[in-house]
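Chains, contacts and geometry: an overview
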Amino acid sequence: MLYAFELSGEHDVLPRKEVLSCLHIAGLEFREHADFDRCLVIDISGDHSDIDELLAGVAGRLAMTHHIVKVAGICAVEADAIIETAEKLDISAHITAGQTYVVRAKRIRDSGGVRREEIEGRIGGSIYRKGFRANMKSPDVVFRLIMTDRAILGSVVATVDRGDYEHRAPHKKPFFHPGVLMPRVARALVNISGIRKGEVLLDPFSGTAGILVEAGLLSAHVVGIEVRQKIAHGAKMNMDLFNSDHSLLVGDACRIPVKDSTVDAIVTDPPYGRSAAIRARSLHHLYSGSFSEMYRVLRKGKLAVVVSEMQVSDHAREAGFSLVDIFTQRIHGSLTRTFTVMRKE
Ligand SMILES: C[S@@+](CC[C@H](N)C(=O)[O-])C[C@H]1O[C@@H](n2cnc3c(N)ncnc32)[C@H](O)[C@@H]1O
């Protein structure tokens, strides 16, 4: 069965990687069917109701997806083709007798002559003629048309509560310090790290605990290390508000007080060297020392995800990691963020 993930446009690569990682964590058997502009279509094997239930859990983890849609048909972005798809759809896979519906259309790309309200009305009419009643205010089923490189029609199986991330914006937390990743980026990286409920996630440069809060909300046991006492204290205030199961230590990322091979995932955002935030002989020492410590404490086969303003692949390889993925994000002017995903083989 095909499922479409309507992705946010906040990054070229992160939303897609996040989806694939979360499907893997959920234990779903899947393969990529199509990769459209801001819409990833995945073929998932198994029983429909089991899949829908697992996808509701996936939506609870995701940060950079808007909706997950069970696909009824994919066609050209042309009114006639869309209506033909609506007429032909196997309605029983999406709505049952007595349930009400609404149709919502989303235009991601220029959709030629297809007007949103008009196409919503025409698809709605087609479903009405199959014997269902529309309900604009509280429908049982939301049919969704995503108009991107192709038109994808289906029913929404889960919606990501993106507003929740706004409530955790850095300036709304009890302790704020500049240089924090936004919660949605932090959550996407935590997802990409592959961490599961009950496992241990480490951030050796925890700062105000932006990454740890997101991992803690997924029921990971989180461990943070921060060299500055005042910031570590603030991190604890933030953690106390959102999560219970955490350990925050004042210490040096180049000497992590954790046993060898005991950590299941690392996600971290080391200092970039533009401020007084570095506590080491040099940026080079900080990166080489902390990378070899990250390698030591991580379990075999597990991932570390590092956000940096410079290429860190040499440090990663020297520490023993193999590189899984590197992607970048242009923030502004001269500032480009690099995301490096590496594995301890
Ligand atoms: C870019 S900030 C991390 C921001 C963090 N993601 C957050 O949510 O606030 C890097 C942090 O590393 C800390 N730091 C610098 N040198 C360190 C060291 N040797 N060991 C541990 N932490 C260090 C800094 O004090 C700073 O808080």
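Since we're looking at a predicted model, the values are computed, not measured. (Residues numbered from 1 in each chain as written. Predicted model: local features only at pLDDT ≥ 70, side-chain atom pairs only at ≥ 80, totals over all residues.)

Describing helix H2 (residues 48-61)
One turn of an α-helix holds 3.6 residues; hence residues three or four places apart share an orientation. Here H2 spans 20 Å end to end across 14 residues, near enough to the 20 Å set by a 1.5 Å rise per residue. All of the buried residues in H2 are Ile 51, Leu 55, Val 58, Ala 59 and Arg 61. One side of H2 carries all its buried residues, which in axial view fall inside an arc of 140 degrees. Turned more than 90 degrees from where H2 packs its buried face, Ser 49, Asp 50 and Gly 57 sit exposed. (Helix = DSSP H or I, 4+ residues; strand = E, 2+ residues; numbered from the N terminus. Expected span 1.5 Å × (residues − 1). Buried ≥ 20, exposed ≤ 12 C-beta atoms within 10 Å, placed from the backbone. Arc of directions from axis to C-beta.)

A short note on the domain arrangement of the chain
In terms of domains, the chain is made up of domain 1 (2-159) and domain 2 (164-343). Each partner contributes residues to the interface: domain 1 has eleven residues there, and domain 2 has eleven residues. Here the element with the most residues in the side of domain 1 that touches domain 2 is helix H1 (residues 14-25); it accounts for six residues. Of the residues in the side of domain 1 that touches domain 2, the class split is six nonpolar, two polar and three charged. (Domains from an automatic or database assignment. Contact = placed C-beta atoms within 7 Å. Nonpolar A, V, L, I, M, F, W, Y, C, P; charged D, E, K, R; others polar.)

Comments concerning the environment of Ile 74
Secondary-structure assignment places Ile 74 in strand E4 (residues 65-75). Classification of Ile 74 as buried rests on a count of 21 C-beta atoms within 10 Å. Once the C-alpha coordinates of Ile 74 and Ile 152 are considered, the two residues, 78 residues apart in sequence, prove to be 4.6 Å apart. Non-local contacts of Ile 74, meaning those with residues more than four positions away in its chain, are made with Arg 150 and Ile 152.

What about the site of the ligand?
Around the ligand there are 25 residues in total, and Phe 205, Gly 207, Thr 208, Gly 210 and Ala 253 lie nearest to it. Elements with a contribution of two residues or more to the shell around the ligand: helix H7 (210-216) and strand E10 (221-226). Looking at the shell around the ligand residue by residue, the classes come out as 16 nonpolar, four polar and five charged. (Near = placed C-beta within 6 Å.)

Observations concerning the pairing of strand E9 (residues 200-203)
Taking every second residue as pointing to the same face, both faces of E9 are buried, with Val 200 and Leu 202 on one and Leu 201 and Asp 203 on the other. Where E9 meets E10, four bridges bridge the pair, whose relative direction is parallel. Within E10, the position partnered with Leu 201 by the bridge is Val 222. The parallel pair E9 and E10, bridged by H7, forms a crossover whose chirality is right-handed. In this structure, E9 lies alongside strand E12 (residues 263-268), joined through two bridges in parallel fashion. When the bridges of E12 are listed, Leu 201 appears paired with Ala 265. (Pairing = 2+ DSSP bridges. Right-handed = clockwise from strand over helix to strand, strands pointing away.)

Focus: the nonpolar core
Membership of the largest hydrophobic core comes to 100 residues, with the highest contact counts inside it found for Leu 145, Ile 152, Leu 189, Leu 201, Ala 215 and Val 305. Looking at this core, you find at least three residues from each of domain 1 (2-159) and domain 2 (164-343). Ignoring anything within four residues of it in the chain, the contact list for Leu 189 reads Ile 211, Val 267, Val 305, Val 307 and Phe 339. (Core = buried A, V, L, I, M, F, W, Y, C linked by C-beta atoms within 7 Å.)

Some points on the sheet that holds strand E11 (residues 246-250)
Backbone-to-backbone hydrogen bonds pair the strands of a sheet. The strands run either parallel or antiparallel. Taken together, the seven strands give an open sheet; going across it, the order is E11-E10-E9-E12-E13-E15-E14, and neighbouring strands pair in mixed fashion. Looking at which strands have only one partner, the edges of the open sheet turn out to be E11 and strand E14 (322-332). On average, each strand axis in the sheet is inclined to that of its neighbour by 15 degrees, with strand direction left out of account. Sheet topology places E12 next to strand E13 (residues 298-308); five bridges connect them, and they run parallel. Within E13, the position partnered with Ile 266 by the bridge is Ala 304. Sheet contacts for helix H9 (residues 283-297): E9, E12 and E13; angle to E13, the most-contacted strand, approximately 150 degrees. (Axes fitted to C-alpha atoms, helices over the stretch in contact; angles between N-to-C directions.)

Looking at the packing of helix H3 (residues 79-88) against helix H4 (residues 116-128)
In the contact formed by H3 and H4, the axes pass within 9 Å of each other and the chain directions differ by 25 degrees. The angle between H3 and H4 places the two elements in the roughly parallel class. Both H3 and H4 take part in a crossing whose hand is right-handed. Facing H3, whose interface residues are Ala 79, Ile 82, Ile 83, Ala 86 and Glu 87, H4 presents Ile 119, Arg 122, Ile 123 and Ser 126. Its residues placed into classes, the contact of H3 with H4 shows six nonpolar, one polar and two charged. (Parallel < 35°, antiparallel > 145°, perpendicular 65-115°, else oblique. Left-handed = near helix turned anticlockwise from the far one by under 90°.)

Points about H3
Among all positions of H3, only Ile 82, Thr 85 and Ala 86 are buried. Here the buried residues of H3 occupy an arc of 100 degrees about the axis, which is enough to place them on one side. Those residues of H3 that are exposed and aimed more than 90 degrees away from the buried face are Asp 80 and Lys 88. Tucked into the core, H3 has its buried residues touching E4, H4, strand E7 (141-147) and strand E8 (151-159).

Some details on the sheet that holds strand E6 (residues 133-134)
Across the sheet, which stays open at both edges, the eight strands sit in the order E2-E3-E1-E4-E8-E7-E5-E6 with mixed pairing between neighbours. Of all the strands in the sheet, just strand E2 (29-36) and E6 have a single pairing partner and so form its edges. Here E2 pairs with strand E3 (residues 39-45) via seven bridges, running antiparallel. Bridge pairing links Asp 35 to Leu 40 in E3. Contacts from H3 reach E4, E7 and E8 within the one sheet, and its direction differs from that of E4 by about 90 degrees.

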